[in-house]
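Residues per chain, in single letters:
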Amino acid sequence: MATAEEKSLPTGSDCLQSARSGSNGSETNGYKSGSNLEKVLSAGHFAVTGELGPPQGADPEHILHKAKLLAGAVDAVNITDNQTAVVRMSSIASGVLAMREGLEPVVQMTCRDRNRLAIQADLLGAHALGMRNLLCLTGDHNVFGNHPTAKNVHDLDSVQLIRMVKDMRDDGVFQCGDDIEGVCPSFFIGAAANPFGDPFEFRPYRLAKKVAAGVDFIQTQLIYDIPRFREFMEKVVDMGLHEKVHIMAGVGPLKSSGMARYMRDRVPGMIVRDEYVDRMLAAIAGIPKEEKAARRKAWRETGIKICIEQIQEMREIEGVAGIHIMAVEWEEAVPPIVEGAGLLPRPTVD
Amino acid sequence: MIVGEQKPLAEIMELLGDARKVLVAGCGTCVTVCFAGGEKEVGILASELRMKSKLDDHPMEVDEVTVQRQCEWEYIDPLGEQLDEYDVVLSLACGIGVQAMNERFPDAITLPGLNTTFLGLPEEQGVWEERCQACGDCILGLTAGICPIARCSKQLLNGPCGGSQNGVCEIDPDVPCAWQLIWDRAVKLGRVDQLMEIQSPKDWSRSRDGGPRKIVREDLRLEDLE
């Protein structure tokens, strides 16, 4: 990975000059953003990110509680942006709260709810509030959420969003080309990749477009089909993309056989191999239906066990630079997973 | 063509309110071809209104007329003289026709009997599908002849989102993924390279976002010809 120092940056912009001289508080020491996640990945450590879903209400305790569960177990945590198109506390506001607990946020930003003006305004604010990681997403369609009659935006798509954020950071310009005054928002830029979406042959090229647009790290969709993920990664490695972007494999602990089945049969863009459903079913073999607590315990133990095994498999796949653990509404599972995978303590990089 | 769909009868009755004398006005172009507002549909709806209003103890007098095109002055001008007789004109044209009537005959009230749904084509008998959003900046030359603005539910310009699976869109298993269609055709045509180019943010000012659009062709204006 080329750091900002190694790259030939344009020099015309005031904001770049001041950023380099460190006079405005955004000194990044040769890093693009200076975020912990960037430092961990740049140093070659196997990185770990988690996910935190904000509440459908205004209680800060909700975030603070979840952040406490995750702190120390992950290098940074994604804060979802109206996930599944359901209104929740904003990602940036939640990120401020998470930072109070010492957790570094990855602000998720979808193209569904904001046009280019709103996104750029929010990015200026997010940077001013200390956020340094941004995940650029298309966003789930609003028909899935609790405001299906809303007007969706999609002024930009995720590739265009990546380019815009990169230009704001590296060239000091807004999307329209105007100079940014003073401090430029400098984010470590992330994006998603779904190796299980179709057209399958297009997926590595779609990733290549994100790389060309300037993405720094990738988090994949939840992986419950490792052979297909391997096939995807082989193509990615053939194309040399793993040398240009840090790819983090998406995993998540299954909570029950019902959840595994639901994701296999009902969630668009997901593939779940039968073996996972079968193992979750086997976990409760012999436990009567009425013993709900016992079933739940058995399921959760197996879910965590499978997740740890998956991480170990991912670590052996060429081009995988870290894992992204999605355990939304089950944040407690993350520390034992990270520990079980032998990834604790998390590194500190200066 | 412009595709429309008749509003539910209950909504039409509510729109008509206390009107006693109604002219149902059809259009002989797009909405005739899509069986929503031509002479035949005008006849059926007029009969329904007569029967329903009678059943409701509020009998309406309903007349029928269908013009060649409700969106052109020359075809609607002849209607002008008779409009005084009616409390309301119920137009079965698209939204352009309804507005043309209101604009040309400001003293008459013309109400919409259709929902103008989209610009599309009949895929098969009885099935219409959207094909164009009139975005004002056609990109079909870059997308294997398939429009992601009209046909991708997120209007993506740089490839499919993560919700495309088995050829269908995440919003509905009956909706084909536009990017699957684009990819398949590009592969067939040997033009996949075109899809690897990053498409810049779209200029939406040429779409509705720039306000109502207008084309002035000086070469066609009568003042210039004189």
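Trainee: What exactly am I supposed to notice about the overall build of chain B here?
Mentor: Within chain B one finds nine helices and nine strands. For 226 residues, the compact-globule estimate of 2.2 N^0.38 gives 17 Å, and the C-alpha radius of gyration of chain B, at 22 Å, exceeds that figure by more than 25%. Judged by the C-alpha coordinates and their principal axes, chain B covers about 65 × 55 × 25 Å. Out of the 226 residues in chain B, the part that is buried amounts to 37%.

Trainee: Looking at this model, I keep getting lost on the domain arrangement of chain B. Mind explaining?
Mentor: Accessible area lost upon the coming together of the parts serves often as the stated size of an interface. Once the domains are mapped, chain B shows domain 1 (2-118) and domain 2 (134-210). When each unit is reduced to the centre of its C-alpha atoms, the spacing between domain 1 of chain B and domain 2 of chain B is 37 Å.

Trainee: Please explain the pairing of strand 2 (residues 76-79) of chain A as it appears in this structure.
Mentor: Along any regular strand the residues' side chains alternate between the sheet's two faces. Residue and element names in this part refer to chain A. Here strand 2 shows a buried face lined by Ala76 and Asn78 and a second buried face lined by Val77 and Ile79. Relative to strand 2, strand 1 (residues 47-52) is paired through four bridges, and the arrangement is parallel. Residue pairing for strand 2: Gly50 is matched across the bridge by Val77. In this fold, the crossover linking strand 1 to strand 2 by way of helix 3 (residues 60-70) has right-handed handedness.

Trainee: So what exactly am I meant to see when it comes to the nonpolar core here?
Mentor: Generally speaking, soluble globular proteins have nonpolar side chains that are buried together. Counting 92 residues, the largest nonpolar core has Cys136 and Val165 of chain A as the members making the most contacts within it. By residue number, the principal contributor to this core is helix 11 (residues 292-315) of chain A, which donates seven residues. Among the nonpolar cores identified, the runner-up in size contains 35 residues, and Leu23, Leu90, Ala100 and Leu114 of chain B belong to it.

Trainee: Would you mind showing me how to read the interface of chain A and chain B here?
Mentor: Each partner contributes residues to the interface: chain A has 26 residues there, and chain B has 24 residues. At the level of elements, helix 6 (158-171) and helix 7 (203-213) of chain A are the ones that each hand at least two residues to the side of chain A that touches chain B. Of all the elements, helix 7 of chain A adds the most residues to the side of chain A that touches chain B, at five residues. Residues belonging to the side of chain A that touches chain B are distributed by class as follows: 10 nonpolar, nine polar and seven charged.

Trainee: Which parts of the structure should I look at to understand the sheet that holds strand 5 (residues 110-112) of chain B?
Mentor: One key point about sheets: their strands pair by backbone hydrogen bonds, in either a parallel or an antiparallel sense. Residue and element names in this part refer to chain B. Strand order in this open sheet of four strands is 3-2-4-5, and the pairing throughout is parallel. What marks the edges here is a single partner per strand, and that holds for strand 3 (61-67) and strand 5. Here the average twist between neighbouring strands, direction ignored, is 25°. In this sheet, strand 3 lies alongside strand 2 (residues 21-27) in parallel orientation, the contact comprising seven bridges. What sits directly across from Ala25, in strand 3, is Val65. Here helix 3 (residues 39-55) sits on the sheet in contact with strand 2 and strand 3, set at roughly 170° to strand 3.

Trainee: I would appreciate a short explanation of the sheet that holds strand 7 (residues 127-132) of chain B in the present structure.
Mentor: Residues and elements named next belong to chain B. If you walk across this open sheet you meet the three strands as 1-6-7, and the pairing is antiparallel. Edge positions in the sheet fall to strand 1 (2-6) and strand 7, since each of these pairs with one other strand and no more. Between one strand axis and the next, the sheet turns through 70° on average, direction left out of account. Examined bridge by bridge, strand 6 (residues 114-124) and strand 7 share five bridges and lie antiparallel to one another. Bridging across to strand 7, Pro122 finds its partner in Trp128.

Trainee: Explain the packing of helix 7 of chain A against helix 8 (residues 226-238) of chain A to me, please; I cannot follow it from the model alone.
Mentor: Axes are the key here: two packed helices are described by the angle between their axes and the distance separating the axes. Residue and element names in this part refer to chain A. One can describe the packing of helix 7 onto helix 8 by two numbers: an axis separation of 9 Å at closest approach and a directional angle of 50°. Judged on the interaxial angle alone, helix 8 and helix 7 are oblique. Handedness of the crossing formed by helix 7 with helix 8: right-handed. Across the interface between the two elements, Arg203, Pro204 and Leu207 of helix 7 pack against Phe232, Lys235 and Val236 of helix 8. Residue classes in the contact of helix 7 with helix 8 are distributed as four nonpolar, no polar and two charged.

Calculation criteria
Along each chain, numbering runs from 1 in the same order as the chain's sequence is written. Chain letters and ligand numbers both follow the written order, the letters beginning at A and the numbers at 1. Reporting in this predicted model follows two pLDDT cut-offs: at least 70 for local features of residues, and 80 or more for side-chain atom pairs to be given and counted; totals over whole chains, interfaces and linings ignore these cut-offs and use all residues. Here a helix means four or more residues in a row that DSSP labels H or I, a strand means two or more in a row labelled E, and each is numbered from the N terminus. Within these notes, the globule rule equals 2.2 Å times the number of residues to the 0.38 power, and the radius of gyration is based on C-alpha atoms. Residues with at least 20 neighbouring C-beta atoms inside 10 Å of their own are called buried, those with 12 or fewer are called exposed, and the rest are partly exposed, where every C-beta is derived from the backbone. The source of the domain bounds is an automatic or database domain assignment. Only when DSSP finds a minimum of two bridges between them are two strands counted as paired. Whether a crossover is right-handed depends on one test, that the path from the first strand over the helix to the second runs clockwise when the strands point away from the viewer. Think of a nonpolar core as buried Ala, Val, Leu, Ile, Met, Phe, Trp, Tyr and Cys residues chained together by C-beta atoms that fall within 7 Å. It is the C-beta atoms, placed from the backbone, that decide contacts: two residues are in contact if theirs lie within 7 Å. Throughout, the ten residues Ala, Val, Leu, Ile, Met, Phe, Trp, Tyr, Cys and Pro are labelled nonpolar, Asp, Glu, Lys and Arg are labelled charged, and all others, Gly among them, are labelled polar. Comment: axis = line fitted to C-alpha atoms, over the contacting stretch for helices; angle = value between 0 and 180 degrees taken between N-to-C directions. Angles below 35 degrees are treated as roughly parallel, those above 145 as roughly antiparallel, those between 65 and 115 as roughly perpendicular, and all remaining angles as oblique. Crossing chirality is assigned from the near helix's rotation relative to the far helix, an anticlockwise turn below a right angle marking it left-handed and a clockwise turn marking it right-handed.

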